[in-house]
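# Fold and geometry: a report
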Amino acid sequence: MGAGCMALNEPDGLDWPPPPAVRAALALIDARERSNGVYDREVREHGVRVARTSASLASAVGWGRAACAWAGLAGRFHDVGKLDVPLDLLVKPGRLNASEMASVSDHAGLGACAITEALRGLECPGIPVLVDAAGMHHERMDGRGYGRVEGARIPPVARLVAVADVLDALTSDRAYRAGMSFHEAMDVMASPPFGRLAFDEDALRALEAMAPSLAVGHRDLAQAMHR
Ligand SMILES: [Fe+2]
């Protein structure tokens, strides 16, 4: 575990399963993603894979059952804001220009708003976990993320989802490159423009410890889901 204020503590007071009204609201978001084939592939399937890795990371850093389940749910819906980003930008091969990049970057804030709005009025301690992951999964410990927060101010769930998200992005096929192997992705995450200081050290260590299972299954799963 990391020292002091950087500790990757599990969020307090979580129960599982979520109340029916929360599940119903999340099912509506899921249906919105499924209703569009490209978003289904680019957002929902990525979310499903990030969910699995986020829950496993939470378990690996010692979170309890309910917190692991909420970490999975947070991973599942972390990119929901992409539903409000123009599709041509999401699937554009190659580099984006500055204004296109700014539009794509908006998805973090848009996602936090979308989840807040979808769950407005519902009482559930897990809701802030989902909002934090959506809003801050692109923040980096060294401050080189989207720049809203850094270091210990990044909620622990967002630090876990950040690691799971980057891993999946690197190991998934893109229009302009094939997905990397798990070990190639780990090398990239430890090098600029990322670098080990970008990520929570406990989360990264947990990911490395999971290498045997992810190295076998992750790339195959990513390829199988890209129809
Ligand atoms: Fe994202």
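Scroll up a little and you will see the structure.
In this report, we go over the structure that sits alongside the text. (Residues numbered from 1 in each chain as written. Predicted model: local features only at pLDDT ≥ 70, side-chain atom pairs only at ≥ 80, totals over all residues.)

### Here's the deal with the overall build of the protein
- In terms of regular secondary structure, the protein is built from ten helices and zero strands.
- The C-alpha radius of gyration computed for the protein amounts to 16 Å, which stays within 12% of the reference 17 Å derived for 227 residues, consistent with globular compactness.
- Considering only intrachain contacts with a sequence separation of at least 6, the fraction spanning at least 24 residues in the protein is 69%. (Helix = DSSP H or I, 4+ residues; strand = E, 2+ residues; numbered from the N terminus. Rg over C-alpha atoms; globule rule 2.2 N^0.38 Å. Contact = placed C-beta atoms within 7 Å.)

### Let's talk about helix α3 (residues 65-76)
- The end-to-end C-alpha separation of α3 is 17 Å, in line with the 16 Å expected for twelve residues at 1.5 Å each.
- Most of α3 sits out of view: ten of its twelve residues are buried.
- Of all the residues in α3, the buried ones are Ala67, Cys68, Ala69, Trp70, Ala71, Gly72, Leu73, Ala74, Gly75 and Arg76.
- At its buried positions, α3 is contacted by α2 (37-60), α6 (127-136) and α7 (156-171). (Expected span 1.5 Å × (residues − 1). Buried ≥ 20, exposed ≤ 12 C-beta atoms within 10 Å, placed from the backbone.)

### Describing the nonpolar core
- Formed by 55 residues in total, the largest nonpolar core has its most connected members in Ala71, Ala74, Val163 and Ala203.
- Those elements giving two or more residues to this core turn out to be α1 (20-34), α2, α3, α5 (98-118), α6, α7, α8 (182-189) and α9 (201-209).
- Among the elements that make up this core, the one with the highest residue count is α7 (ten residues). (Core = buried A, V, L, I, M, F, W, Y, C linked by C-beta atoms within 7 Å.)

### Some words on the packing of α7 against α8
- Look at α7 against α8: their axes get within 9 Å of each other, and the N-to-C directions meet at 125°. Considering their axes alone, α7 and α8 lie oblique with respect to each other. Crossing hand, α7 versus α8: right-handed. Contacts from Val166, Leu167, Leu170 and Thr171 of α7 reach α8 at Phe182, Ala185, Val188 and Met189. (Axes fitted to C-alpha atoms, helices over the stretch in contact; angles between N-to-C directions. Parallel < 35°, antiparallel > 145°, perpendicular 65-115°, else oblique. Left-handed = near helix turned anticlockwise from the far one by under 90°.)

### Some remarks on the environment of Gly147
- With respect to the helices and strands, Gly147 occurs in the loop between α6 and α7.
- Remark: the alpha-carbon pair of Gly147 and Met136, spanning eleven residues in sequence, is separated by 9.4 Å.

### Quick notes on the packing of α3 against α6
- Packing of α3 against α6 brings their axes to within 8 Å, and their N-to-C directions diverge by 40°. With respect to their mutual orientation, α3 and α6 come out oblique. The crossing of α3 and α6 is right-handed. Here α3 contributes Trp70, Leu73, Ala74 and Gly75 to the contact with α6, which in turn contributes Val129, Leu130 and Ala133.
- A class-by-class count of the residues in the contact of α3 with α6 yields six nonpolar, one polar and no charged. (Nonpolar A, V, L, I, M, F, W, Y, C, P; charged D, E, K, R; others polar.)

### Points about α2
- The terminal C-alpha atoms of α2, which comprises 24 residues, lie 34 Å apart, in line with the 34 Å expected from a rise of 1.5 Å per residue.
- At Arg44, α2 shows its maximal bend, which comes to roughly 25°.
- The first or second residue beyond α2 is Gly62, which carries a positive phi of 100°. (Bend = angle between axes of the 7 residues up to and from the residue.)

### Quick look at the environment of Arg23
- You can see Arg23 is positioned in helix α1.
- For Arg23, a count of 11 C-beta atoms within 10 Å translates into the label exposed.
- Here the alpha-carbon distance between Arg23 and Leu160, two residues 137 residues apart in the chain, equals 22 Å.

### Focus: unusual backbone geometry
- Residue Pro17 follows Trp16 across a cis peptide bond; omega there is 5°.
- With respect to the secondary-structure elements, Pro17 resides in the segment before α1.
- Here the bond from Pro192 into Pro193 is cis, since omega is 5°, no more than 30 degrees from zero.

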